[in-house]
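Structural overview
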Amino acid sequence: MNQTVGQMPKKWHLLKSGLIILTGGTSLFCVLNTVSGNERFYREWVMPVIRRLTNAETAHRFAIKAAKHGFVPKQKKSDPARLTTQVWGKTFSNPVGLAAGFDKHGEAVDGLFKMGFGFVEVGSITPLPQDGNPKPRVFRLNEDQAVINRYGFNSDGHDAVYERLKSRVAKIEVEEKERSVPHGILGINLGKNKTSENAVNDYVQGVRKFGELASYLVINISSPNTPGLRALQGKEQLQGLLHKVLEERNQLTCNPKPALLVKIAPDLSEQDKIDIAAVVGRPETGADGLIVSNTTVSRPDTLKSKNKQEVGGLSGQPVKELSTKMIQDMYKLTHGRLPIVGVGGVSSGQDAFEKIQSGASLIQLYTVLAYEGPPVVGRIKRELDTILEENGFSSVAEAVGSKFKS
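Bringing the sheet that holds strand E5 (residues 138-141) into the picture now. The strand order across the open sheet formed by three strands is E5-E6-E11, and the pairing between neighbours is antiparallel. Each end of this open sheet is capped by a strand with a single partner; those strands are E5 and strand E11 (313-316). Between one strand and the next, the sheet's axes are offset by a mean angle of 25°, whatever the strand orientation. Taken together, the four bridges between strand E6 (residues 146-149) and E11 define a ladder with antiparallel strand orientation. Its bridge partner being in E11, Ala146 is matched across the sheet by Gly316.

Encoded structure:
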């Protein structure tokens, strides 16, 4: 009896040590798989746990903080030469970019480049700080691999974001001299304040403020969450807006000047598309490109999630076909002369390829990150490279609009 009692502390000590080793080993396994960017581990473990433990907006903020501090998987290999492409006189190492709406305040740009994006777009940024719409305002549709958001241009405002991005450039210029660290191709997406009485002036201010820091600027007139914003897509309104922002862009002293893009909605009538193409396609007074498209206010009958009735813009897989059709339409209406950035439902190399074939020179993603995490960027690029090779394309540029070429 005494011997049994005496053995208990020893057995407990062994059990405790075993649990510590097991826990430590499990933790180390999780950390290594997270840092290394194991695709399956993220898809089947990390992201489901995050979705279970946090609401959509909290998860979004967590992702930004992680990227800001570099706690994201780093791309291990250089991009394949086949993925290199040139648009607006700039060389993109790959055509896969991050859409606006993820890093709204320009907090995590370099962490996002670290993940392997060929370009990163921040914003939308409004002249004055504003909180956006009341919470909750972001909803996952897990069964549909989709998200509905009604953020409403929550923004830190021009001054705060400018200082953040300016500091980044100053830091990189030092690192460039020491270690050849590239700036990266940065897009800056501009919005208007909710209570603004002069929307055109809001965009003009944005061009003036951020022109020197941007590889390209985006005039976002298609968010469904700011009252009256989509009315700026009307022919006369867009023509007046473009005239003013182009005038401001052309007065910038930086060289080269940033390309100017217009981001449009997927919920346009055929006449709207014709009118927009006519305005943006003008040689001297048109835009340098289009982003097609923003989120949709439509709700496909195929949606299964209980959150499908939430008000806001729908993104993710259910938007894929609508977005691709819009790309095809705008490519044909602009006669393939205007670079298009295709966005909406991209979650695979095949999705990206279909948008490129339909007329997109570049593509963007966002919602799929909520479901598969950072490793999805590398997977899409790898798949796209393989598909291009299998279809006989030596470059992305060769495949652009190939659906319409004999």
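From this point, the narrative continues.
Right, let's get into the packing of helix H7 (residues 235-250) against helix H8 (residues 270-280). Remark: H7 packs on H8, axes separated minimally by 9 Å, with the N-to-C direction vectors making an angle of 20°. With respect to each other, H7 and H8 are oriented roughly parallel. As H7 runs across H8, the sense of the crossing is right-handed. For the pair H7 and H8, contact is made by Lys235, Leu238, Gln239 and Leu242 and by Asp275, Ile276, Val279 and Val280, respectively. Taken together, the residues that form the contact of H7 with H8 break down as five nonpolar, one polar and two charged.

Here the focus is the pattern of salt bridges. Evaluation of the coordinates by the stated rule reveals 22 salt bridges. Of the charged contacts in the structure, one is a salt bridge between Asp110 and Arg168, with a shortest N-O distance of 3.1 Å. One end of the pair, Asp110, is in helix H4 (residues 109-114); the other, Arg168, is in helix H5 (residues 158-179), with 58 residues separating them in the sequence. For Asp110, a relative accessible area of 38% puts it in the partly exposed group. Among the salt bridges present, the one from Arg249 reaches Asp288, with a minimum N-O distance of 2.9 Å. With Arg249 in helix H7 and Asp288 in the loop between H8 and strand E10 (289-292), this residue pair connects regions lying 39 residues apart in the sequence. By relative accessible area, which is 10% here, Arg249 ends up buried. Among the charged side chains, a salt-bridge network with shared partners connects Glu270, Lys273, Lys325 and Asp329.

About the criteria used
- Residues numbered from 1 in each chain as written.
- Predicted model: local features only at pLDDT ≥ 70, side-chain atom pairs only at ≥ 80, totals over all residues.
- Heavy atoms only, no water.
- Pairing = 2+ DSSP bridges.
- Helix = DSSP H or I, 4+ residues; strand = E, 2+ residues; numbered from the N terminus.
- Axes fitted to C-alpha atoms, helices over the stretch in contact; angles between N-to-C directions.
- Parallel < 35°, antiparallel > 145°, perpendicular 65-115°, else oblique.
- Left-handed = near helix turned anticlockwise from the far one by under 90°.
- Contact = heavy atoms within 4.5 Å.
- Nonpolar A, V, L, I, M, F, W, Y, C, P; charged D, E, K, R; others polar.
- Salt bridge = Lys/Arg side-chain N within 4 Å of Asp/Glu carboxyl O.
- Buried < 20%, exposed > 50% of the residue type's maximum accessible area, 1.4 Å probe, protein only.

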